[in-house]
Amino acid sequence: MPSSVDSLSDSDFDDIHFQDNQDGTFGDSTSPFNLDDVPPTQEVDLDDAVSQEAIFDGLFLHQEGAKDDGPTWEQTPVTNLKLSALERMHRTKDRSTAIKLLHRRINLSIDSDLKFATDDPKLLWDGSRHFLDFILVVSGSLGLQAFLPKTLSDHNFTLTLNFRMQSHQFRPKFGKLGFDPTGSMMAIGTGNSTELWLGFCPISNVEDITLANESPLLSEKHGDTRLTSIRYRMAVMFLAFVLAKIPALPIHVMHPYGTHEDFHQWKLDDATNVCAQRTISLRLQDAIALDHLIKSEWDDWVADAPSHWTADGWLQQHAPLSIACRYGQNQPIASSDQHALRVEARNWNMERDYTHIRYLSMAVATDIGCFPVRKWRPIPVDEILSVHDFLYDSPDYDVRQPIDLPSLPPRDPATNKEINIYDEDGRRVPRFIGVAAPGTKPCGLLVNLETIPQLFSSYVGHDEHLDIDADIIDLDDVHDTKINVYPQAFLRKYGHVQAKSVLPHFRPFVNKVQSRITRARHAPSHDADDDDDDEDVVVADVPSHDSQPIAPAILASACQFYNEISHRVRPSAALHDVQQGRITSALAGTYAQGAAKHVHSACMHTCNVGLPHKRYDDKIKLSNVPRALRLENIYILQLDSMIPSKRNGNSIYIDVVVPLSRAWSHPHVADALRPHLAVFAAHAFPQVYQWMTFGITSLLERIWEHQKPLINQGTKPSPQMIEICAMLERALAYAHTGNAKVLSSSLMKPFWLIRSLLEQGLPTFSSIIHLQATTTRPVTVLPAQWPVVTAFNVPAMASNRCQILTYGKDHFEAYKAEFHIQLSVNNPSPSMFGQYEPDLRHAIIIAVVAFQAYIIDVKTLVSVAVIKLCNELDDNDTHSSIMESKTRRYNLKKWLACSDPLCYGDKAYEYLLRCIIGDPTEYFLGFPNPTKLKLSIRDFAKLICEMSRETKPTPLAAPLYSSGCAPMIFKVALLYMSKYAPRHSPTAADTFLQNALIVAANHLHINNVPWHLPATRGRRPRKPNHQSWINLGKASTIASIKRLNSQIIDEAEQASQRAQASDSRAPWAVESITLQSLPDFITRAVPPDEFCIENVSLDKSEPKDSIIRKTYEWAFAEFDMDVPLHQLALLIGIYVSKLIPNLFHDVDDRPYVKSYATAWDFTAAIRAMPWKPNTSRKGSKVASHFVAMVPVYIMAIIDESSPLHDYLKSARSFPTAWNKKHSHKGMSALLLARVGLAEARTGRIFNGGIFDIDWAVLNPPGVTKYHLKLFSMLADREFGPFRVAQSLFGTVAAREIARSTHTFIVNPGLASTSLGKRSESSGVDVDDDDVSSVAPVKRRRVKH
């Protein structure tokens, strides 16, 4: 059978026009309010996302891999800042200071006048306002019962059918259907602000209530909810069939089951006129008639369906149930006015007949608010007693005692706090009325995210009236309740909460409702409405008369707490101004072509009228904006388990909705909740969002002010600027939502945003981003420092979704390619195409980027065609067709996973052949080539050049095709490549471009490409087809590219180098090799030429028996490459020679020893110090000296058989001459500690210290272990050299060494956690995808 995803294609709905709203929603205004929702433009791809759980973990844990963000995080200044300081910056528009703070770590504190304690006696709390935010109604059988009111006549009733909504997804994430919605939901219209759906439920779930009750909730993960194209067409035809039987409607059906056995051969308009009207309006009588016809005609219509409709059994096994969904209405409920309460109950009773409803899911919300009062006025005792006959001293039924109110003082004399009293139901009776100053505004409330988990794990004691039954509510283990936190306004520990359970404090209240409405095993003889008798009714999981367990009539499935301001600033995720990425869209639109330029004009106009954060500012200017905390619980009624007399709207409202709404104000709940809230003063909320985000919004304004005039002049912003803007807008969206879905880890983690947002709340940027306080270049990042996601400089980006959804995928791919090209040119991989002269090398690198996009196009071409063919094979439903489909799908999956899909190796050719050819007997023929043509690789390159050139390009044809991304990317690529081409001759320039394309295609092993079909009649085919392929192996009449290029390095020199590389005893020199090739030389049997006594510069006047001379002579005589200490010392000496002159440190960077608990911690702090030069000292700039001296220094200090140790045993200190000679060059005990060979014990190590007292070296096992660790890293020929530098000197110094020695570098923002840590582990594992390359210094010849 076809899958719902695979079968949904535009071609399948040629007879039905899609609506403009392609995301499958009914419109923004009716989207359900869900803390977990973000607009599509800001939602990152799954492989780039940060989990919402990481936000919760960030409240308590430091981020793993933090040191990979750069060791200077710890040295970044920490600023203690009060919230009032940010308020002052915002009020005075001090944007410069706010932007400068983005480079600092902020320790925020909230002023006492901006925040109240929750137990402040000046606060008056209120929880009397209740709302219905969401309702989902599911019928229990065939028909439209979920849509119909409980009346026979209503002149205001209208039900509107719309059969043009096949692309709409079923969006609710809370509630219950009684079946899996995957591939089962069909939107059919609207009525009375309600979405109307048909859910095709399995017959087994309709007939067996147990199966329906056991089905997962909507909060569980499910697939695409839409019907497949064929099943959608079947459903429309059935509805047309029954609508045609209503005389008052102008619907007719000519062919009830279509005109052809192949669904792809006919359209709905060929069989019926039901889609001729955009909508069909039904009166109540029409809707009742349609309900009756659906019930009476479905079985016969299915039985009469032809075999090609029923072959897969789907029609026979499913039945359409009506489903009504309404959300976002924010309707007040549970009024304290008794008349209003009765009217609302009557409305609920008339809305629908609940005897035909199986499930009712609803979001019942309460607003908790408070405001400060000026004084408290006592309520007269007589006034209280006139309302309450009985009053108690406790809300707990087990311990409460009646009180004599006249004799009870209103306040406790010791504490001056009010002595609380409670009514019969356990609710607090106020004894004072708060008197507030005129114009007093309510406080703003958020949740304390650090303590809220305690509330979800709290135990509630029970009593006979509020009994607890764990089976009644799905809270068996509250400790496992999944809680997602959504920090607000960069406050980190204050925000919103969503949980897959209600608070455990609600269990008694849910239990009490349960006891009133759930059917008993035997029908009670008493009145079911009698509260006293209800206590004895046995409910839930008790065998009924038919021996089937009775499911609980009510389930509490989820909850979310959020400030009500959210409803004003974002009635749905798609309507929040700061979440749209509008500034990013405006900047990125400068790369738009064709019709997309009109979209760009609209984006520019939107930003010119008002930047997103300015629009938000306007929304909260209203003085009485809502500030209460909305507490929303999701309840599910399983109506088949209800007492029959209670199965009506009146009882559901009075017995369920009202008591559960009012439960929030009960002391059991309110008193437990209050300590976990944060109360902000009215003048601080919601303004705190503006204050806390002022640095981000100021920088966005500076970027816009800088770029706007340039865009108007026709200048495009750099991709780096666009991505920084996207990153800033994502950070701003996070401040307003707390949703991790907006955080792009690949870009925001290397720049420290992820770590700073999760650990401290306010954003902090790495020093890689250069921030300016002026509008002239307000922010810059060097291309070489831009984070990349693969070894081939593919840039990390945050604007992906925004650009794709605004301008289209082709636009984004072209933009991405241009960005990729710029990075690759500015920062080429040192080992990539190094044998070519620089200009050609740059062009080849650019060509590889373009060909990678071309390969993606070919994959798309083949995938779409093969999947479509497989769907057709599945529809045939024969054994042979199903087996062929499985074979094709399997081989397609394997082919798509090949690294070089267009080559012969890695079985790519075989996989591709098996997925495009169905008959195994034809495999021997190879790829289909109906044109009988063959191209040379140069012909292929020439075709691409001709179709992609800037002036007078030839029409687009195979091997490129217009619907792919590659044509646009090749045009961009050739523009960049042309900058390096010869200028003296157009022919030479063309040859140059073709040569670059040839090398790139060969590098990617492109051997076969899709071609067009052969010409038959009419217009010659031009589009490539998966059933036509052409080989690029035709012999070229031109000499190879290598011989055409006279600047390729000398072959004889290469041969000499290869011969020396294969001889382990051949001499070598550090200065003649690259650090990248060190793994090939460091294991040789001989040390490098630099390791000799001539490079030590011994003083000629020094006696021959001096300790310095004796030690050096000993070292050179004893040196053995097979001894771990010697080989390790040499390795460190070579690396130190690459670090000079940065062997020193600033005194201000020294850690204070007493701040650390252990010597290891102190040593780690020393190792984290930045490496600095010391220009005042001489002798620290000749690399060969360090290759000779550092290994000797290490050997002499660590090896106890050295002459230096002999001297130490007698003198108990090292010679002054020895210390003086080496310390001037940076060689000291401190150096040993900084490279991991020694442990610092006291602060005297900075001045030399005493051996084995102030510092100690590694013992022999430690040396062996360290040797194993570093040389295990070097086993990775490509990235090992950098990892060794990183392990010795830290990431920053290692990057500097890599830049100066053209060495591959592991990107600190993407690599494994352990890379930034000098741990004891013996190896570092990093995926190849987590590396980038560093630009080499310009040179003419590659050394080995």
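The rules behind the values
Residues numbered from 1 in each chain as written. Predicted model: local features only at pLDDT ≥ 70, side-chain atom pairs only at ≥ 80, totals over all residues. Heavy atoms only, no water. Helix = DSSP H or I, 4+ residues; strand = E, 2+ residues; numbered from the N terminus. Buried < 20%, exposed > 50% of the residue type's maximum accessible area, 1.4 Å probe, protein only. Contact = heavy atoms within 4.5 Å. Areas by Shrake-Rupley, 256 points an atom, 1.4 Å probe, with all protein chains shown as cover. Polar contact = N/O pair within 3.5 Å; in protein donor to acceptor, adjacent residues only side chain to side chain. Core = buried A, V, L, I, M, F, W, Y, C linked by side-chain atoms within 4.5 Å. Expected span 1.5 Å × (residues − 1). Phe/Tyr/Trp six-rings, centres within 6.5 Å; stacked < 30°, edge-to-face > 60°. Salt bridge = Lys/Arg side-chain N within 4 Å of Asp/Glu carboxyl O. Axes fitted to C-alpha atoms, helices over the stretch in contact; angles between N-to-C directions. Parallel < 35°, antiparallel > 145°, perpendicular 65-115°, else oblique. Nonpolar A, V, L, I, M, F, W, Y, C, P; charged D, E, K, R; others polar. Disulfide = S-S within 2.5 Å.

A. Molecular detail of the overall build of the protein. From N to C terminus, the protein includes 47 helices and 28 strands. Of all 1344 residues assigned to the protein, the portion counted as buried reaches 56%. Counting only contacts in the protein whose residues sit at least 6 apart along the sequence, the fraction spanning at least 24 positions is 77%. Total accessible area on the protein is roughly 57000 Å²; 51% of this is exposed by carbon and sulfur atoms.

B. Structural view of the side chain of N739. With respect to the secondary-structure elements, N739 resides in the loop between α25 (719–737) and α26 (745–748). Under the relative-accessibility criterion, N739 is labelled buried at 0%. Only 2.9 Å separates the side chain of N739 from the backbone nitrogen of K741, close enough to count as a polar contact.

C. Region of the structure containing the nonpolar core. Judged by nonpolar contacts, the single largest core of 204 residues is most densely connected at F163, M186, L243, W301, W309, F561 and L743. Beyond its immediate chain neighbours, meaning those up to four positions away, W309 contacts M234, M237, P256, Y257, G258, F263, W266, W301 and L315. Membership of the second largest hydrophobic core comes to 82 residues, among which are V1070, F1162, W1171 and F1214.

D. Representation of helix α35 (residues 986–1003) within the structure. In this model α35 runs 26 Å from its N-terminal to its C-terminal C-alpha over 18 residues, within 8% of the 26 Å that 1.5 Å per residue would give. The set of residues buried in α35 consists of A989, F992, L993, Q994, N995, A996, L997, I998, V999, A1000 and A1001. For α35, the N-terminal cap is S985; the gap from its side-chain oxygen to the backbone nitrogen of T987 is 3.2 Å.

E. Representation of the packing of aromatic side chains in the model. Following the criterion strictly, the structure yields 44 aromatic pairs and no others. Residues F263 and W266 carry aromatic rings whose centres are separated by 5.8 Å and whose planes lie at 35 degrees to one another, so their mutual orientation is tilted. In this structure, F263 and W266 share a single accessibility class: buried. Between the aromatic rings of F851 and F940, the centroid separation amounts to 5.8 Å while the plane-to-plane angle is 25 degrees, which identifies the pairing as stacked. With F851 in helix α30 (residues 838–876) and F940 in helix α33 (residues 937–948), the pair connects residues that are 89 residues apart, well separated along the chain.

F. Region of interest: unusual backbone geometry. A cis amide bond, omega 15 degrees, links A958 with the succeeding residue P959. Mapped onto the elements of the fold, P959 is located in the loop between α33 and α34 (966–978). A positive phi angle, near 50 degrees, is found at K952, a position not held by glycine. With respect to the helices, strands and loops of the structure, K952 is situated in the loop between α33 and α34. Phi at D1252 takes a positive value of approximately 70 degrees, unusual for a residue other than glycine. Positionally, D1252 belongs in the loop between β25 (1238–1240) and β26 (1255–1257). Assessed through its relative accessible area of 46%, D1252 is described here as partly exposed.

G. Expanded view of the pattern of salt bridges. Scanning all chains against the criterion turns up 34 salt bridges. For R914, the salt bridge is made with E910, and the minimal N-O distance between the two is 3.8 Å. In this pair, R914 and E910 are both assigned in helix α32 (residues 908–916), 4 residues apart and thus about one turn of the helix distant. Residue E910 is classed as partly exposed on the basis of its relative accessible area of 35%.

H. Highlighting the packing of α30 against α34. One can describe the packing of α30 onto α34 by two numbers: an axis separation of 9 Å at closest approach and a directional angle of 180 degrees. Of the possible angle classes, the one that applies to α30 and α34 is roughly antiparallel. When α30 is examined against α34, the residues A843, I846, A847, A850, F851, A853, Y854 and D857 are found in contact with a partner set consisting of A966, P967, I969, F970, A973, Y976 and M977. Along the lines of polarity and charge, the residues of the contact of α30 with α34 split into 14 nonpolar, no polar and 1 charged.

I. Looking closely at α30. Helix length check: α30, at 39 residues, gives a terminal C-alpha distance of 58 Å against a target of 57 Å (1.5 Å per residue), a fit within 8%. Here α30 starts with a cap whose side-chain oxygen sits 3.0 Å from the backbone nitrogen of D839, and that cap is E837.

J. Molecular detail of the state of the cysteines. Tallying each qualifying case throughout the model produces 0 disulfides. Left unpaired, C443 is separated from the closest cysteine sulfur, that of C370, by 4.2 Å. Sulfur of C603: no disulfide; nearest cysteine sulfur belongs to C607 and is 7.1 Å away. Here C603 falls in the buried class, since its relative accessible area comes to 14%.

K. Region of the structure containing the packing of α33 against α34. Interaxial distance between α33 and α34 falls to 9 Å at its minimum, and their mutual angle equals 90 degrees. The pairing of α33 with α34 is recorded here as roughly perpendicular in orientation. Every residue of α34 that contacts α33 at I944, C945, M947 and S948 is listed here: F970, K971 and L974. Tallied by class, the residues present in the contact of α33 with α34 amount to 5 nonpolar, 1 polar and 1 charged.

L. View of the environment of C443. When you line up the elements, C443 lands in the loop between β14 (432–435) and β15 (444–448). Taking the relative accessible area as the measure of exposure, C443 reaches 2% and is therefore buried. Considering only alpha carbons, one finds C443 and L114, 329 residues apart in sequence, at a separation of 9.9 Å. Once you skip the residues sitting within four places of it in the chain, C443 turns out to touch F116, L123, C370, F371, P372, R627, V679, F680 and A682.

M. Representation of the side chain of H1012 in the model. Residue placement: H1012 occurs in strand β23 (residues 1008–1012). Residue classification places H1012 among the buried residues on the basis of a relative accessible area of 6%. Of the polar contacts made by the side chain of H1012, one reaches the side chain of W1011; its length is 3.2 Å. The contacts of H1012, once residues within four sequence positions are left out, are T931, A958, R1020, P1021, R1022, K1023, P1024 and S1028.

N. Structural view of the environment of T1291. With respect to the helices and strands, the residue T1291 is situated in helix α47 (residues 1291–1300). What makes T1291 buried here is its relative accessible area of 3%. Each C-alpha atom, one on T1291 and one on A1168, is 9.7 Å from the other, the two residues being 123 residues apart in sequence. Among the polar contacts listed, one links the side chain of T1291 to the side chain of Q1286, at a separation of 2.9 Å.

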